[in-house]
Amino acid sequence: MISPQTESYLDDYLGSERLLFLDSAIKEHADGVLRAFFEQAANRGAESLETLTAKTVEAVLLQDMGRLNIPVEARRSIPSLLEGFFGYLRETGRFPAAMDRRNFIHSFLSVNL
């Protein structure tokens, strides 16, 4: 289950102007993809952003996100969507440690999911 705080952050991000700048391949899937990512992370023990580790990010991206029923182009954009989400949290001051989580994601930008 996604924590209430993470849900709040997701709602803030999904309601922000940042979505206007997303790649069109992922834009219409952003809500479902982000929620699926954090559900899978919670299933792996990372029930909050504070407990999200590089190992969990790697497992969710490589083992779970590829199973989503979305177009290949959207699946390839998942790391950049997550990077944008964590960048938003850091830049808005909602979660200052988001830069660490953003760095976890950065290494997956060129990985095909």
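Going by the structure above, here's the rest.
A brief look at the structure comes next. It should be emphasised that the depicted structure is a prediction, and the values quoted were computed from it without experimental measurement.

1. Some words on helix α7 (residues 98-106)
Where α7 is concerned, the buried positions are Ala 98, Arg 101 and Ile 105. Projection of α7 onto a plane perpendicular to its axis shows the buried side chains occupying an angular sector of 60 degrees, all on one side. The secondary structure elements touched by the buried residues of α7 are α4 (54-64) and α6 (78-91).

2. A short note on empty space enclosed by the protein
All told, the structure shown has one cavity of 30 Å³ or more when counted by the stated rule. Lining the largest cavity are Met 1, Ile 2, Ser 3, Thr 6, Phe 38, Ala 42, Ala 46, Glu 47 and Ser 48. Here the lining of the largest cavity is composed, by residue class, of five nonpolar, three polar and one charged.

3. Overview of the packing of helix α1 (residues 4-14) against helix α3 (residues 30-43)
Put simply, α1 and α3 touch, their axes get as near as 11 Å, and they point 160 degrees apart. Comparing their axes, α3 and α1 come out roughly antiparallel. In this structure, α1 crosses over α3, and the sense of that crossing is right-handed. Contacts from Thr 6, Glu 7, Leu 10, Asp 11, Tyr 13 and Leu 14 in α1 reach Ala 30, Asp 31, Leu 34, Arg 35 and Phe 38 in α3. Looking at the contact of α1 with α3 residue by residue, the class counts come to six nonpolar, one polar and four charged.

4. Focus: α3
An ideal rise of 1.5 Å per residue puts 20 Å on 14 residues; α3 measures up with 20 Å between its terminal C-alpha atoms. Of all the positions in α3, only Ala 30, Val 33, Leu 34, Arg 35, Ala 36, Phe 37, Phe 38, Ala 41 and Ala 42 are classed as buried. Contacts made by the buried residues of α3 are with α1, α2 (24-27), α4 and α6. Of the residues flanking the end of α3, it is Gly 45, one or two places downstream, whose phi is positive at about 100 degrees.

Each value, and the rule that gives it
Residue numbering note: each chain is counted from 1, following its sequence as written. Only residues with pLDDT of at least 70 are given local features in this predicted model, and only at 80 or more are side-chain atom pairs given and counted; all residues enter the totals for whole chains, interfaces and linings. Side-chain metrics rest on all non-hydrogen atoms present in the structure, leaving aside hydrogens and water. Buried means the residue's accessible area, taken with a 1.4 Å probe over protein chains only, is under 20% of the maximum for its type, while exposed means over 50%, and partly exposed covers the values in between. Helix and strand definitions here come from DSSP, where helices need a minimum of 4 consecutive H or I residues and strands a minimum of 2 consecutive E residues; each element is numbered from the N-terminal end. Comment: arc refers to directions from the helix axis out to C-beta atoms. Residues count as neighbours in contact if any of their non-hydrogen atoms are within 4.5 Å of one another. Here a cavity means grid points, on a 1 Å grid over the protein atoms only, where a 1.4 Å probe fits yet cannot get out; a pocket means an open set of points with protein on both sides within 12 Å along at least five of seven lines; lining residues are those with an atom within 4 Å of a point. Grid points are joined across faces, edges and corners, and a volume is the space filled by probe spheres set on the points. Residues were grouped as follows: Ala, Val, Leu, Ile, Met, Phe, Trp, Tyr, Cys and Pro as nonpolar; Asp, Glu, Lys and Arg as charged; and all remaining residues, including Gly, as polar. Whenever a helix is involved, its axis is fitted only over the stretch in contact; in every case the axis is a line through C-alpha atoms, and angles between N-to-C directions fall within 0 to 180 degrees. Put simply, angles under 35 degrees are roughly parallel, angles over 145 are roughly antiparallel, angles from 65 to 115 are roughly perpendicular, and the rest are oblique. What makes a crossing left-handed is the near helix being turned counterclockwise from the far one by less than a right angle; a clockwise turn instead makes it right-handed. One fewer than the residue count of a helix, multiplied by 1.5 Å, yields its expected span.

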